[in-house]
Amino acid sequence: MFTKAKISEKFSNVDGSTTQGHVVLTLTKRMSNGSETIVPSEIEALINESTGEISVELPANNDAGTVPEDAKYRVDLRIVGDERQSYYIEVPPGGGSYTLSELLPQGVLGG
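Residues numbered from 1 in each chain as written. Predicted model: local features only at pLDDT ≥ 70, side-chain atom pairs only at ≥ 80, totals over all residues. Heavy atoms only, no water.

### Let's talk about the overall build of the protein
In plain terms, the rule: Segments assigned H or I by DSSP are reported as helices when at least four residues long, segments assigned E as strands when at least two residues long, and all are numbered from the N terminus. Only protein chains enter the area calculation, which uses a 1.4 Å probe; residues under 20% of their type maximum are buried, those over 50% are exposed, and those in between are partly exposed. Throughout, a contact is declared for two residues whenever any of their heavy atoms are within 4.5 Å. Throughout, the Shrake-Rupley method with a 1.4 Å probe supplies accessible areas, and for residues the shown protein chains are the sole cover considered. For this count, His and the chain ends are skipped, Lys and Arg are scored as positive, and Asp and Glu as negative. In this description, the location of a charge corresponds to atom NZ of lysine, CZ of arginine, CG of aspartate or CD of glutamate.
In terms of regular secondary structure, the protein is built from one helix and nine strands. Counting from the amino terminus, helix and strand elements in the protein follow one another as β-β-β-β-β-β-β-β-β-α. Structurally, the protein occupies a C-alpha span of about 50 × 25 × 20 Å along its principal axes. A buried classification covers 38% of the 111 residues belonging to the protein. Long-range pairs, those at least 24 residues apart, make up 66% of the contacts in the protein with a sequence separation of at least 6. A total accessible area of about 6,600 Å² is found for the protein, and carbon and sulfur atoms account for 48% of it. Positive and negative side-chain charges in the protein, numbering 9 and 16 respectively, have mean positions lying 4 Å apart.

So, in structure tokens, the structure goes:
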């Protein structure tokens, strides 16, 4: 069984104003756990224009019993006025709430 975690982040411009754009999260490969299989698809999170925040719920990609063990989520940042950036994250098992910043891999620019 997959556990799910809430993933959020707040984006703002250097002057403190809210920014615009969206974040696309894509599972890199099919993953199965027990009798459940999740296939790769894009999840688009629009940045809320008044708060600058996103929030999505994602199944963990490394719960006990999940195969394959190397599935990840690709995060594509599409922020107005910024260069496109992409990186990969793992969603921790057991549920809970995390920010994208907490899940950034070491060595990623902007992290």
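Read on for the rest.
### Digging into the environment of valine 75
Its location among the elements puts valine 75 in strand E7 (residues 73-79). Among the residues examined, valine 75 registers a relative accessible area of 0% and is labelled buried. When the C-alpha atoms of valine 75 and alanine 5 are compared, they prove to be 15 Å apart, with 70 residues separating the residues in sequence. Every residue in contact with valine 75, bar those within four places of it in the chain, is listed here: Val23, Val24, Leu25, Gln85, Ser86, Tyr87, Ile89 and Leu100.

### Focus on the pattern of salt bridges
Side chains that differ in sign of charge can pair as their charged atoms come close. As a reminder of what qualifies: Note on definitions: salt bridges are taken to be side-chain nitrogens of Lys or Arg within 4 Å of carboxyl oxygens of Asp or Glu.
Scanning the entire structure with this criterion turns up four salt bridges. For lysine 72, the salt bridge identified is with glutamate 90, shortest N-O distance 2.5 Å. A residue pair is termed long-range when its members are at least 10 positions apart, and lysine 72 in the loop between strand E6 (53-59) and E7 and glutamate 90 in the loop between strand E8 (85-89) and strand E9 (97-99) qualify at 18 residues. Residue class for glutamate 90 comes out partly exposed when judged on its relative accessible area of 38%. In this structure, aspartate 76 and arginine 78 form a salt bridge, with 3.7 Å as the shortest nitrogen-oxygen distance.

### A word on the nonpolar core
The following threshold applies: Think of a nonpolar core as a cluster: buried Ala, Val, Leu, Ile, Met, Phe, Trp, Tyr and Cys residues, connected wherever their side-chain atoms sit within 4.5 Å.
Counting residues in each nonpolar core, the largest one holds 26 residues, and the members touching the most others are Ile89 and Leu100. Per-element accounting of this core gives the leading share, four residues, to E7. Once residues lying within four places of it in the same chain are set aside, the contact partners of leucine 100 are Ile7, Ser8, Glu9, Phe11, Val23, Leu25, Ile54, Val75, Tyr87 and Ile89.

### A look at the sheet that holds E6
Stated formally: Any two strands are treated as partners once DSSP identifies two or more bridges connecting them. Helix axes use the C-alpha atoms of the stretch in contact, all axes being lines fitted to C-alpha atoms, and the angles between their N-to-C directions lie in the range 0 to 180 degrees.
Overall, mixed pairing links the three strands, which are arranged E6-E1-E9 in an open sheet. Either end of the sheet is taken by a strand with one partner, and the two such strands are E6 and E9. Averaged over neighbouring strand pairs, the angle between their axes works out to 25° when direction is ignored. Bridge count between strand E1 (residues 4-10) and E9: three bridges; the pairing is parallel. Bridge pairing in E9 links isoleucine 7 to tyrosine 98.

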